[in-house]
Amino acid sequence: MPITPALSRGAFRSFNASFLLRKSNLRVLKLPVLRPRNITTSTPRKPPARKSLFPERLLVYHAGTGRTVFVGSLKITTIFICSFFCIFVGPTFFNAEDPAPMAASIVVLSGIVPMVFVMYISRPFVNFIHLRLPPFARNSREIMMRYSKNLPKDAEIDITTMNLLGKAQVARMKVTDLYPVRERFGMVNYARDTKEINSKRKWWMPPAIRQFGVHSGRSRIMGGEVWDNIAMAISRNARLNNVKKP
């Protein structure tokens, strides 16, 4: 029996309908996707570092802002006065038509002498004194005070002075290196031996500072107690070592 085109089309349609029906009845099983979890190992947290109550360099003496500014200004002023008399006034008297025999020399000296005198008496002026504290003495005021009353032999202090132009310069030394003196018209009350230090310095370097002047009476820093303890330790060491003035 021959297959007609109409019959073939009907068979094809019925086949497509049955195929689509079966496809719609199929259930697709979706498996859950396993994603790797971020596994973090819990590390024990370190306790926060305890902040020290006092710094490593404890300020124990301050000469005062007004006094420090006055001394620095006095140094700069005398330098300008000396330069003015030596550069301008002195040559004017020297090149005059009828110069006096000693006029030019007196004018130059009138500018040099004040500068030299001010530098002589103000060089040992102390601005600040810092006590270097070990770690165990920074966390408690009571321990810090005990440390200042019983300073070890290796206890160090930083003494800040001013140079010729008023710039701060710091000298670090041991407390046992200082001894009380009275020099430069009473402007110096503490000194140290700098022979060994100067022997190790280069030839072009200035000599180490030997004399210091602490003259503000009672320091207001920490009620003045720490500096009083350091001053008593200096005097006690001088008596024990029988230090003589150079």
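Structure's up top.
Quick look at the structure, then. Keep in mind that this is a model prediction, so the values were computed, not measured.

1. Notes on the nonpolar core
Residues Ile129, Leu131, Ile157 and Ile230 are the most contacted members of the largest nonpolar core, which totals 35 residues. Mapped onto this core, the elements with two or more residues apiece are strand S1 (57–62), strand S2 (126–132), helix H4 (141–149), strand S3 (156–162), strand S4 (168–174) and helix H6 (225–241). It is H6 that provides the largest number of residues to this core, a total of six residues. Setting aside its immediate chain neighbours within four residues, Leu131 contacts Glu56, Arg57, Leu58, Val60, Tyr147, Leu151, Glu156, Ile157, Val226 and Ile230. Residues Tyr179, Val181, Val188 and Ala191 belong to the second largest nonpolar core, which totals five residues.

2. Things to note about the sheet that holds S2
A sheet is described by the order of its strands in space; here four strands give the open sequence S1-S2-S3-S4, paired in antiparallel fashion. Either end of the sheet is taken by a strand with one partner, and the two such strands are S1 and S4. Taken over all neighbouring pairs, the strand axes of this sheet differ in orientation by 25 degrees on average, direction set aside. In the sheet, S2 pairs with S3 via five bridges, with the strands oriented antiparallel. Residue pairing for S3: His130 is matched across the bridge by Asp158.

3. Describing helix H2 (residues 65–94)
The first and last C-alpha atoms of H2 sit 42 Å apart over 30 residues, in line with the 44 Å expected at 1.5 Å per residue. Within H2, the axis deviates most sharply at Phe85, by approximately 35 degrees. Among all positions in H2, only Thr68, Val71, Gly72, Lys75, Thr78, Cys82, Val89 and Gly90 are buried. The secondary structure elements touched by the buried residues of H2 are helix H3 (103–122), S2 and S3.

4. A look at the packing of H2 against H3
Contact geometry for H2 and H3: axes closest at 8 Å, N-to-C directions at 165 degrees. Accordingly, the angle class assigned to the pair H2 and H3 is roughly antiparallel. Both H2 and H3 take part in a crossing whose hand is left-handed. Contacts from Val71, Leu74, Lys75, Thr78, Ile79, Cys82, Phe85, Cys86, Val89, Gly90, Phe93 and Phe94 of H2 reach H3 at Ala103, Ala104, Val107, Val108, Ser110, Gly111, Ile112, Pro114, Met115, Val118, Met119 and Ser122. Partitioned by chemical class, the residues of the contact of H2 with H3 number 18 nonpolar, five polar and one charged.

5. Some remarks on the sheet that holds strand S5 (residues 179–183)
Here we have three strands laid out as an open sheet, ordered S5-S6-S7, and antiparallel in their pairing. Each edge of the open sheet carries a strand with a single partner, namely S5 and strand S7 (211–212). Sheet topology note: the S5/strand S6 (residues 188–191) ladder contains three bridges and is antiparallel. Bridged to Pro180 within S6 is Tyr190. Of the strands in this sheet, S5 and S6 touch H6, which is tilted by about 90 degrees from S5.

6. A short note on the environment of Phe80
Structurally, the position occupied by Phe80 is in helix H2. The class for Phe80 is exposed, based on a relative accessible area of 60%. In this structure, the C-alpha to C-alpha distance between Phe80 and Met115, residues 35 residues apart in sequence, is 9.1 Å.

7. Points about empty space enclosed by the protein
Throughout the structure, instances matching the rule amount to one cavity of 30 Å³ or more. Considering only enclosed or pocket space, the largest cavity measures out at about 30 Å³ in volume. Lining the largest cavity we find Ile129, Ile157, Ile159, Leu178, Tyr190, Phe212, Val214 and Trp227. Considering only residue class, the lining of the largest cavity consists of eight nonpolar, no polar and no charged.

Analysis parameters
Residues numbered from 1 in each chain as written. Predicted model: local features only at pLDDT ≥ 70, side-chain atom pairs only at ≥ 80, totals over all residues. Heavy atoms only, no water. Core = buried A, V, L, I, M, F, W, Y, C linked by side-chain atoms within 4.5 Å. Buried < 20%, exposed > 50% of the residue type's maximum accessible area, 1.4 Å probe, protein only. Helix = DSSP H or I, 4+ residues; strand = E, 2+ residues; numbered from the N terminus. Contact = heavy atoms within 4.5 Å. Pairing = 2+ DSSP bridges. Axes fitted to C-alpha atoms, helices over the stretch in contact; angles between N-to-C directions. Expected span 1.5 Å × (residues − 1). Bend = angle between axes of the 7 residues up to and from the residue. Parallel < 35°, antiparallel > 145°, perpendicular 65-115°, else oblique. Left-handed = near helix turned anticlockwise from the far one by under 90°. Nonpolar A, V, L, I, M, F, W, Y, C, P; charged D, E, K, R; others polar. 1 Å grid on protein atoms, 1.4 Å probe; cavity = no way out; pocket = protein on both sides within 12 Å on 5 of 7 lines; lining within 4 Å. Points joined across faces, edges and corners; volume = space filled by probe spheres on them.

Geometry only, nothing functional implied.
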